[in-house]
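Single-letter residue listing:
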Amino acid sequence: MNSNESQKTQKYYIEDIEVGQKEKFFKKFSQEDVEKFSEISGDNNPVHLDANYASKTIFKKRVVHGFLTASLISAAIGTKLPGPGSIYLNQSLKFLAPVFPNEEVIVELTIKNINLERKRVIIDTTCLCNNKKVLVGEAEILVESKKK
């Protein structure tokens, strides 16, 4: 799947979702994206913005904000699985490794549990770079029903 295909929006109702169902989402962040996120969020930690400063850290170069990477999970949930109309209720995150500007991040979503009565799903959320897990977690999402 190429990144253009991964950006196509699709919508699932709670009745259409199955345990084990998977979706992927792809994105690269440029240094300009990192700078814009810093401006918007107010997180101006020099490890993200200053190459000289970052060269003296354990990462040896500038890194993408962890929450910018995590925002891709929200994008994947809101556009791919379950898609538009889904509402975030909870998200756990564990950061495992850095993401550097211009690296492709692959978000993998896997349906872990479905509660039809409460219209909720639990989704395993994973972000990978270079075939390495950089972020893992679990999301609880409220999903629209065909039954109004």
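Residues numbered from 1 in each chain as written. Predicted model: local features only at pLDDT ≥ 70, side-chain atom pairs only at ≥ 80, totals over all residues. Heavy atoms only, no water.

1. Quick look at the overall build of the chain
Alright, step 1. Scanning the chain for helices and strands turns up five helices and five strands.
Alright, step 2. When the helices and strands of the chain are read in sequence order from the N terminus, they spell out α-β-α-α-α-α-β-β-β-β.
Alright, step 3. Seen through its C-alpha atoms, the chain measures out along the principal axes to roughly 55 × 30 × 25 Å.
Alright, step 4. Considering only contacts within the chain whose residues lie at least 6 apart along the sequence, 65% involve residues at least 24 apart.
Alright, step 5. Looking at the chain as shown, the accessible area adds up to about 8400 Å², and 49% of this sits on carbon and sulfur atoms.
Alright, step 6. Each charge class in the chain was averaged separately, 22 positive and 19 negative side chains, and the resulting centres sit 2 Å apart. (Helix = DSSP H or I, 4+ residues; strand = E, 2+ residues; numbered from the N terminus. Contact = heavy atoms within 4.5 Å. Areas by Shrake-Rupley, 256 points an atom, 1.4 Å probe, with all protein chains shown as cover. Lys, Arg positive; Asp, Glu negative; His and termini not counted. Charge placed at Lys NZ, Arg CZ, Asp CG, Glu CD.)

2. Overview of the pairing of strand S4 (residues 120–129)
Alright, step 1. Burial runs high along S4: seven of the 10 residues are buried.
Alright, step 2. Relative to S4, strand S3 (residues 104–115) is paired through nine bridges, and the arrangement is antiparallel. Its bridge partner lying in S4, Ile111 is registered against Ile123.
Alright, step 3. Where S3 folds back onto S4 in an antiparallel hairpin, the turn is made up of four residues, including Lys119, whose phi is positive at roughly 60 degrees.
Alright, step 4. Bridge analysis of S4 against strand S5 (residues 132–142) gives 10 bridges, and the strand direction is antiparallel. Its bridge partner being in S5, Thr126 is matched across the sheet by Val136.
Alright, step 5. The hairpin formed by S4 and S5 contains two residues between the paired strands, and Asn130 there has a positive phi angle of roughly 50 degrees. (Buried < 20%, exposed > 50% of the residue type's maximum accessible area, 1.4 Å probe, protein only. Pairing = 2+ DSSP bridges.)

3. What to know about unusual backbone geometry
Alright, step 1. With an omega of 5 degrees, the peptide bond running from Leu81 to Pro82 counts as cis.
Alright, step 2. Along the chain, Pro82 falls in the loop between helix H5 (66–79) and strand S2 (87–95).
Alright, step 3. Of note, Lys60 is a non-glycine position whose phi angle comes to about 70 degrees, a positive value.
Alright, step 4. Relative to the helices and strands, Lys60 resides in the loop between helix H4 (51–55) and H5.

The quantities given are spatial measurements derived from coordinates; they are silent on function.
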